[in-house]
Amino acid sequence: MASKHESVYQIFSFQDFKSSPDPIYEPPSQSLAPTAAPIVIDNGSFQTRAGWALEEREAPRLLFKSVAARSRGAARSETQIGNDIPNLEPLRWLLKSQFDRNVVVNFEIQELMFDHVFAHLGIGSEGSVSQPIVVTEAPCNPLHCRQMMSELLFECYHVPYVSYGVDSLYSFYHNNSQRSIQPPHTGIVLSSGYHCSHILPVINGRFDAVNCKRMNVAGSQSASYLQRLLQLKYPGHLAAVTLSRVEELLHEHSYIAEDYQDELEKWRSPEFYEREVHRMQLPFSGKVPGGSVSVEERHERRAQQLRRLQEINARRREEKLLQDQERLDRLMGVQELLEDGLLDHFHKNLVELNMDSAEELQSYINKLQLAVEQGRHKLLHSDGAEGKTEVSELEHPMDEGDGVALMDPDFPEDTLPEKPAHVQPVFNMAEYHQLFVGTERLRCPELLFQPSPTGEEQMGLMEALQYVLARYTPDQQEALVSNVFLTGGNMLYPGMKERVERELLAMRPFQSQFKVTMASQPALDAWYGARDWALEHPAGGEGWISRQEYEEKGGEYLSEHCASNLFIPMKLVKPLLARPAEPSVTMPTSTIPSAAVTTVTPALTPSCSAVAADVSMVAS
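Parameters and conventions
- Residues numbered from 1 in each chain as written.
- Predicted model: local features only at pLDDT ≥ 70, side-chain atom pairs only at ≥ 80, totals over all residues.
- Heavy atoms only, no water.
- UniProt positions renumbered as here; feature names shortened; annotations may be inferred.
- Helix = DSSP H or I, 4+ residues; strand = E, 2+ residues; numbered from the N terminus.
- Buried < 20%, exposed > 50% of the residue type's maximum accessible area, 1.4 Å probe, protein only.
- Contact = heavy atoms within 4.5 Å.
- Areas by Shrake-Rupley, 256 points an atom, 1.4 Å probe, with all protein chains shown as cover.
- Pairing = 2+ DSSP bridges.
- Patch = residues over 30% accessible without salt bridge, like charges linked within 9 Å, V, L, I, M, F, W, Y side chains within 5 Å.
- Salt bridge = Lys/Arg side-chain N within 4 Å of Asp/Glu carboxyl O.
- pLDDT = per-residue confidence, 0-100.
- Right-handed = clockwise from strand over helix to strand, strands pointing away.

Per an unreviewed UniProt entry, the recorded name for the chain is Actin-related protein 5, and the organism is Dissostichus eleginoides. Turning to the chain, the UniProt record has this under Subcellular location (unreviewed entry): "Nucleus". According to the UniProt record, the Sequence similarities (unreviewed entry) comment for the chain reads "Belongs to the actin family. ARP5 subfamily."

Okay, here's the thing in structure tokens:
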């Protein structure tokens, strides 16, 4: 029976993936034509994907994590970006991202990301980038963030055209085209990435930004929750439960339960637990720390330490002999100056050597000659004698460090009682270094539907969907739920589509129709959708922002298209500075125009309103 149970166990090992630096590609011939091919950059908060919009079979050439590592005070050229960092964990405290949640705020890091992309695509960005750029942005991206992004692209890289679009809407656009759904498209997009999740309604091919919804629960919250659970469960392996391994557990070993409560009840069964638990094997050393060491091993260690000590002493003697010989040669050269009659040079060298007379120089020469001779004699004849003295010096501290039972004559080895074998079982080192991942496989992804276990007071994904649908008429709701689209890297859990269908069935009226579709590649379809859009809309047409439009309409300007945000221009009036109070001066009423009094708006600051009241009193 024991062998039967052992065969059921599922033991997995962590891959501990090490990334390799991205290659530097040669730019394709189409990119050098008069009408340069656009560059598509899916600027994600977890991963950046970049490539050329050349043909429909083109795939992103660069995929790297959106992080940069640069130590304090290091040069710009020493920054490591994305796949240049083979292992993120040793540099975790140095990692920086351009994102605050899903919005770009650190444009210094964003510039480093663009430099990395352009350099590895074979584009020299020293002068300018002559290719049009398609960049993804967050839903309802703040105008200030778009303004800074446009300023970076147009002023720093001098790009001719820029187009902005929402990543999940690009994915929606791409999958609808693959399914041969004719535009304009209507549906509702459920997108979940690394930092945020979104409910995005699309009506007649345009994004309805007024009724969209964002939840601050996504992949990063699930990873942090899983890391806390495992560290509390295994306090002896705190350092081994790294964020990279936790993300691997989420991506490879977690799933979404179709019915969460029923699934938890199944895990109560010991048979189900033994069958479904994943044992994650941590790397370990087969030798038990602090274990007993045999006499032969102890003597071997002493011999190795003795050899190392002899090598160190011999190397030090050789270095000392070389230094003495060099100093002796220099002093002999100074003495030759005296013998040749070059007194000026002789006295100058004496001052540099911090000596006062030729007698002091001669005494130093005699001492160094004696030291050199003794050093050579030791190297040639005293290795054996010194080895014996080193053995006697080494054995004393080594014996003090050994176990008490082996060294103290009051406690000989044969007096120690031997314990029976059945009392002291054999310690299984491999099992001690195993993480049993059971209910954590479904509890952590469940945060997307129930954020409350982490203390988040906000709606889950399906509750937010119900809130958004309630803002529409019944006919519009029918049109939206007929095309429920799931996209984003956090939607890759097995069972996600079935869970959404179950929740929608409970949410919608009796016998109502709905359809849930999963993106063909939830993590990459945003880039493919942006590539398809760039191929169908040449630069300079609808959806593109030219440099002239940037200069005329400002950096926050957005040219709308089927996968973009809505552009609502907002002119922000700079606040008036409060002036120091000045003594009132009596003026005739004829010098104050009546229009100046009537054009005062009610949205004045307190100081301005007081000034306006004084003006009206003087005019009256």
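Next, the rest of the story.
The number of helices and strands found in the chain is 22 helices and 20 strands. Put simply, the chain has 620 residues, and 40% of those count as buried. Restricting the contact set of the chain to residue pairs at least 6 apart, pairs at least 24 apart contribute 71%. When the accessible surface of the chain is split by element, carbon and sulfur atoms take 54% of a total near 35,500 Å².

Within strand E13 (residues 197-203), six of the seven residues are buried, which leaves it mostly tucked inside the rest of the structure. Pairing between E13 and strand E15 (residues 213-215): three bridges, direction antiparallel. Bridging across to E15, Ser197 finds its partner in Met215. One ladder, built from two bridges, connects E13 with strand E14 (residues 206-207); its direction is antiparallel. Bridging from a neighbouring strand, Ile203 pairs with Arg206 of E14. Linking E13 back to E14 in an antiparallel pair, the connection comprises two residues, with Asn204 at a positive phi of about 55°.

Taken together, the side chains of Leu566, Ile568 and Met570 present a nonpolar region at the surface, about 290 Å² in accessible area. Among the structural elements, Leu566 can be located in the loop between helix H20 (547-553) and helix H21 (594-598). By relative accessible area, Leu566 is classed as partly exposed at 34%.

Further remarks concern the confidence of the model for the chain. Mean pLDDT over the chain works out to 83, with 81% of the residues at or above the 70 mark. In the predicted structure, residues 1-7 sits below a pLDDT of 50 and forms zero contacts with residues beyond four places in sequence or in another chain.

Our next topic: the pairing of strand E11 (residues 161-166). Across the six residues that make up E11, a large majority, five, are buried. Across five bridges, the pairing between strand E10 (residues 133-137) and E11 is parallel. What sits directly across from Thr136, in E11, is Gly165. For the handedness criterion, the β-α-β arrangement of E10, helix H3 (residues 143-156) and E11 is classed as right-handed.

Take the side chain of Gln335 next. Assignment of secondary structure puts Gln335 in helix H9 (residues 295-339). Discounting chain neighbours no more than four positions away, the residues touching Gln335 are Leu361, Gln362 and Ile365.

Quick look at the environment of Tyr157 now. Positionally, Tyr157 belongs in the loop between H3 and E11. Look at Tyr157 and you get buried, because its relative accessible area is 1%. Remark: the alpha-carbon pair of Tyr157 and Glu126, spanning 31 residues in sequence, is separated by 8.0 Å.

Here we come to the pattern of salt bridges. Applying the stated criterion across every chain yields a total of 26 salt bridges. Of the charged contacts in the structure, one is a salt bridge between Arg502 and Asp259, with a shortest N-O distance of 2.6 Å. Of this pair, Arg502 sits in helix H18 (residues 496-507) while Asp259 sits in the loop between helix H6 (243-253) and helix H7 (260-266), and the two are 243 residues apart along the sequence. Between Glu265 and Arg268 there is a salt bridge, and its shortest N-O distance comes to 3.3 Å. The class of Arg268 is exposed, set by a relative accessible area of 65%. Because the salt bridges share partners, they merge into one network encompassing Glu155, Arg547 and Glu551.

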